[in-house]
Structures are given as structure tokens and as C-alpha cells.
Amino acid sequence: NMAILAGLQLASEPSAEGEDDDPTEFDINHALRSGLAAAFERCARICWTSGAENTNDDGKWPAPLLVPPENLVPQMVTVLRDVLMLSVQRRVQAADSLAQSGYDEADIEEELEEVNEMEEDFSTDVVDAIGYLLKLSGPRFLNTFEAVL
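Throughout this description, residue numbers start from 1 for each chain and increase along the sequence as written. For this predicted model, a pLDDT threshold of at least 70 governs which residues receive local features, and a threshold of 80 or more governs which side-chain atom pairs are given and counted, while totals over whole chains, interfaces and linings are taken from all residues. Computation of side-chain values covers all heavy atoms of the structure but excludes hydrogens and water.

Q: I keep staring at the overall build of the protein and nothing clicks. Help me out?
A: For the purposes of this entry, the term helix denotes a DSSP run of H or I that reaches at least four residues, the term strand denotes a run of E that reaches at least two, and both are numbered from the N terminus. Assigned secondary structure in the protein consists of 5 helices and 0 strands. In sequence order, the protein lays out its α and β elements as α-α-α-α-α. Only protein chains enter the accessibility calculation, which uses a 1.4 Å probe. A residue is then buried if its area is under 20% of the maximum for its type, exposed if over 50%, and partly exposed in between. Counting across all 149 residues of the protein, residues that qualify as buried make up 34%. Every residue pair with non-hydrogen atoms within 4.5 Å of one another is taken to be in contact. Taking the intrachain contacts of the protein between residues at least 6 apart in sequence as the baseline, contacts between residues at least 24 apart amount to 73%. Taken as a whole, the protein presents about 9100 Å² of accessible surface, with 53% of it coming from carbon and sulfur. Residue-level accessible areas treat just the shown protein chains as cover; the underlying method is Shrake-Rupley with a 1.4 Å probe.

Structure below.
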């Protein structure tokens, strides 16, 4: 999981080219970000459902068999928070770039919708992963989540 998070963090960072990047253009980093976010969310979901075949008769969800090491949870949540913040920045940059582009309003709206849709799918996987980490970590980590998020 930490390798997936490291890749996600790297793919979320702005490229070295900086100002020349067009946030409305699809790039390979978007595909990497999306794939890695989906992979991490799936890993977290698998951990959460591990042990589900041992469902209790009282209807309570059984304790998961796969749980992330306690010492890594704050780092995982921090990385996920950071990539979410970068997603918001990409949306803002796209809006600013389009506002200065000279496109007509209909084209700007269409481009922004596309950018927002890509970032929304990415953000959904990241937020879902945070939710699974919270469920897996339990109440003792609520302060960690509050401090980081």
C-alpha cells in the first residue's frame, strides 16, 4: 500500500515544467493518479471486508483480518489529504487558465466540466480510501484523522 501511495503522491505533484502545463489537457499523470487512487481504495476496501465471510449471527460487521500498521496510518492519511488538496489546485488552475484563454463561455463550461469530472472521479476514490482507513483504524485514531484532515 505504501508503494501505491508513493506513486500516487508522485503522480499528483505538478510537473517540473510548471507554468507551461495546461490543466485542461489530459496527461499521463492523470491516468497514473486515477489508477493509483483506485488501486489504493480497492486495497483499503479489501482490508475492510477481510474476515467478512465470518459474519456474526448478531448482524455486526466482523473485525477485519487485514489492518494497516498503526504507525503508518497518519502517513497514509497525510498523503491522501495532500493529493486531495492538489486536486483542488488543479481545478482552480484549469478555471483560471480557461478564463484567460479567450474561449467563449460555452467552450469554457464544457472544458471545466470535463476537468471537474476527471478530478471528481479521482477525489471519490481518495475520499473512499480515507473512509476505509478510518473504519479500519477505529476510534483510537479519530484524533489523528482530525489533526491531519
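Q: Whenever I open this one, the pattern of salt bridges confuses me. Can you help?
A: Where side chains of opposite charge bring their charged atoms close, a pairing between them can arise. The term salt bridge refers to a side-chain nitrogen of Lys or Arg lying within 4 Å of a carboxyl oxygen of Asp or Glu. Scanning all chains against the criterion turns up 3 salt bridges. E119 is the partner of R90 in a salt bridge, and the nearest nitrogen-oxygen pair spans 2.7 Å. Residue R90 is found in helix α3 (residues 73–99), and its partner E119 is found in helix α4 (residues 105–137); the two are separated by 29 residues along the sequence. With respect to class, R90 is no different from E119; both count as buried.

Q: Help me understand helix α2 (residues 28–49), please; the structure alone is not making it clear to me.
A: Along an α-helix, residues three or four positions apart point the same way, because every turn accommodates 3.6 residues. In a helix, the anticipated span is given by 1.5 Å times the number of residues less one. The end-to-end C-alpha distance of α2, which contains 22 residues, comes to 32 Å, matching closely the 32 Å that a straight helix rising 1.5 Å per residue would cover. Looking at the buried positions of α2, the neighbouring elements they touch are α1 (2–12), α3 and α4. Downstream of α2 by one or two residues, G51 has phi in the positive range, about 90°.

This is a description of form; function is not addressed.
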